[in-house]
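Structural description and commentary
So you can see what is in the structure, the chains are spelled out below.
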Amino acid sequence: MNAPLNAARLVERLSTVVGIPVVPYDEDGAVDRDLTVALTERLIRNGVTALTPNGNTGEFYALSPDERRQVLTCVLSARESATTIVAGVGLDLETAIADARFARDSGADAIMVHQPVLPYLAADGWVEYNARVAAAVPDIGVLPYLTHRAVTGTHITRLVERVPNVVGLKYSAPDPVVFATTKAQAPEGLLWIAGLAESYAPAYWQAGARAFTSGLVNLAPAVSLELLTALRRGDYGAAGRVWARIRHFEELRARDGSANNVSVVKEAMHQLGLCRREVRPPSYPLPDALAREVTASMAPWRSAVPEAAGETGVAEVAGERAA
């Protein structure tokens, strides 16, 4: 059974780089559970203390209900005492609640509620959806995922008043001005996570975010942690230099409406011998020209990848899976 929710402590633990692990597949296209555990251990071994299994970089919408639970169970099995696990949940309300309860019962510290994918999203409906999911798991933290500019700080205030276990938000609307306005309207004490990863982290940090998500950590955790350190110091010059090193890689992920967001990460991991490059539809593997561009984009930070310094373990587990 989970201990009573300590919201302030959870916010403190999540004020960091929140890694979004990929899901590796085996040669038959199934979730590779052993490699999922090994890749999680690699992240933790290299300093990542907060993870969101079943996030977008984890191909949440391409997994079956059973696979989502497999992934969460694998990640939880590799956690250490300092690791904070935020399980991604979503889809229809019944499914989101069932997965939230499974996450709670399995030992997750919090859930991240994916923004509903219905094409007709009302701001009041967003509040209702998240309130019902949060009310189903009052003893763990809840972080809604928000990309819709129509949801304002006023709506967030109403949500927090209904369900106090909402401890923060993953904010992914690509507009720092809207973010600053929304945060100013919302209650104090919430954790704002810059949900568009390292690309937006410096701008959102200046407006009050105190964490950011990352898919890059699957490759080079030290680079993401270097950016976090610079932001915590208020050294925006150093943060800008990190940003410049990863700009090409992150631009590839964002290109064409983020069509290749996961494919770019998996291609890079394949080139490093960490996992296969395969993704599931509606994502699609990169053509050769883009794969070569991924290779070039890694050059500025390739030396920070642990395997470059001789780390073993994951590549051995992957074996021929990365072929």
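All figures in this text were calculated on a predicted structure; none of them were measured in a lab.

Cut-offs applied
- Along each chain, numbering runs from 1 in the same order as the chain's sequence is written.
- Only residues with pLDDT of at least 70 get local features here, since the model is predicted, and only at 80 or more are side-chain atom pairs given and counted; chain-wide, interface and lining totals rely on the full set of residues.
- Each side-chain value is worked out from all heavy atoms of the structure, with water and hydrogens disregarded.
- A run of H or I in DSSP counts as a helix once it spans at least four residues, and a run of E counts as a strand once it spans at least two, with each numbered from the N terminus.
- Our radius of gyration is a C-alpha quantity, and the globule rule it is checked against amounts to 2.2 Å times the number of residues to the power 0.38.
- Categorising residues by exposure relies on relative accessible area from a 1.4 Å probe, with only protein chains included: less than 20% of the type maximum marks a residue as buried, more than 50% marks it as exposed, and the intermediate range marks it as partly exposed.
- At least two bridges found by DSSP between two strands is the condition for calling them paired.
- The pairing test for Phe, Tyr and Trp rings, Trp by its six-membered ring, is centres within 6.5 Å, and the orientation test on the planes gives stacked under 30 degrees, edge-to-face over 60, and tilted for anything in between.
- Distance and angle both matter: a charge sits over a ring if NZ of Lys or CZ of Arg is within 6 Å of the ring centre and within 35 degrees of the ring normal.
- Put simply, buried Ala, Val, Leu, Ile, Met, Phe, Trp, Tyr and Cys residues joined by side-chain atoms within 4.5 Å make one nonpolar core.
- The contact definition used throughout considers only heavy atoms, calling two residues in contact when any of these lie within 4.5 Å.
- Handedness rule for crossovers: strands pointing away from the viewer, path from the first strand over the helix to the second running clockwise, crossover right-handed.
- The term polar contact refers here to a pair of N or O atoms within 3.5 Å; inside protein, the definition further demands a hydrogen-donor-capable atom paired with an acceptor-capable atom, and it admits residues adjacent in sequence only when both atoms are side-chain atoms.
- Surface patches are drawn from residues lacking salt bridges whose relative accessible area is over 30%; two like charges belong together within 9 Å, two nonpolar side chains (Val, Leu, Ile, Met, Phe, Trp, Tyr) within 5 Å.
- Per-residue accessibility takes into account occlusion by the displayed protein chains alone, with areas from the Shrake-Rupley method and a 1.4 Å probe.
- Salt bridges are counted wherever a side-chain nitrogen of Lys or Arg sits within 4 Å of a carboxyl oxygen of Asp or Glu.

Glancing now at the overall build of the chain. Per the secondary structure count, the chain includes 13 helices and eight strands. Against the compact-globule benchmark of 20 Å for 323 residues, the chain has a radius of gyration of 18 Å, which places it among compact chains. Its C-alpha atoms give the chain principal-axis dimensions of roughly 50 × 45 × 40 Å. By the burial criterion, 54% of the 323 residues in the chain qualify as buried.

The next subject is the sheet that holds strand S5 (residues 141-146). Strand order around the closed barrel formed by eight strands is S1-S2-S3-S4-S5-S6-S7-S8, with parallel pairing between neighbours. Pairing of strand S4 (residues 110-113) with S5, which is carried by four bridges, proceeds in the parallel orientation. Opposite Ala-110, over in S5, you have Gly-141 as the bridge partner.

All right, on to the packing of aromatic side chains then. Note on aromatic pairs: each is described by the distance of the centres and the angle between the planes. The tally for this structure, following the rule as stated, stands at eight aromatic pairs. Between Tyr-171 and Tyr-204, the aromatic rings sit 6.4 Å apart at their centres with planes inclined by 45°, giving tilted as the arrangement. Placement of Tyr-171 in strand S6 (residues 168-171) and of Tyr-204 in helix H8 (residues 197-206) is noted, with a sequence separation of 33 residues between them. With relative accessibility at 0%, the residue Tyr-171 sits in the buried group. Ring geometry for Phe-179 versus Trp-192: centroids 5.6 Å apart, planes at 70°, classification edge-to-face. Taken together, the residues span a long stretch of sequence, with Phe-179 in helix H7 (residues 176-185) and Trp-192 in strand S7 (residues 191-194) at a distance of 13 residues. Of the two residues, Phe-179 and Trp-192, neither departs from the other in class, the shared state being buried. Ring-pair connections join several aromatic residues into one group, and the members of that group are Tyr-171, Phe-179, Trp-192, Tyr-200 and Tyr-204. Positioned over the ring face of Tyr-145 is Lys-170, at 4.1 Å from the centre of the ring.

Tracing the chain through its elements places Ser-15 in the loop between helix H1 (7-14) and strand S1 (17-19). Judged by relative accessible area, Ser-15 falls into the buried class, the value being 17%.

Ile-111, Ile-156 and Trp-301 are the most contacted members of the largest nonpolar core, which totals 86 residues. Discounting residues that sit within four places of it in the chain, Ile-111 has contacts with Val-86, Ala-87, Val-89, Ala-100, Ala-103, Val-133, Val-137, Ile-140, Gly-141, Val-142 and Leu-143. Grouped together as the second largest cluster of nonpolar side chains are 15 residues, Leu-14, Ile-20, Val-86 and Ala-110 included.

Okay, the pairing of S4 next. The two faces of S4 match: Ala-110 and Met-112 on one face and Ile-111 and Val-113 on the other face are all buried. The pairing of strand S3 (residues 84-89) with S4 spans four bridges and is parallel. By the bridge assignment for S4, Gly-88 is matched with Met-112. Between the parallel pair S3 and S4, the chain is carried across by helix H4 (residues 93-106), and the sense of this crossover is right-handed. For the segment spanning S4, helix H5 (residues 123-136) and S5, crossover handedness is right-handed.

So, about the side chain of Arg-280. Here Arg-280 lies in the loop between helix H11 (261-271) and helix H12 (288-298). On the basis of relative accessibility, which here comes to 17%, the residue Arg-280 falls in the buried class. Here the side chain of Arg-280 touches Ala-62 through a polar contact of 3.1 Å, landing on its backbone oxygen. At a separation of 2.7 Å, a polar atom in the side chain of Arg-280 contacts the side chain of Glu-67. With sequence-adjacent residues up to four places away left out, Arg-280 is seen in contact with Tyr-25, Gly-29, Ala-30, Val-31, Glu-59, Ala-62, Leu-63 and Glu-67.

The next point concerns the environment of Gly-141. Positionally, Gly-141 belongs in strand S5. Given a relative accessible area of 0%, Gly-141 falls into the buried group. Separated by 46 residues in sequence, Gly-141 and Thr-95 have C-alpha atoms that sit 18 Å apart. Setting aside anything within four residues of it in sequence, one finds Gly-141 in contact with Leu-5, Leu-10, Asp-109, Ala-110, Ile-111, Asn-165 and Val-167.

Attention now moves to a nonpolar patch on the surface. A contiguous nonpolar surface patch, about 260 Å² in accessible area, is contributed by Tyr-61, Leu-91 and Val-117. We classify Val-117 as exposed; its relative accessible area is 56%.

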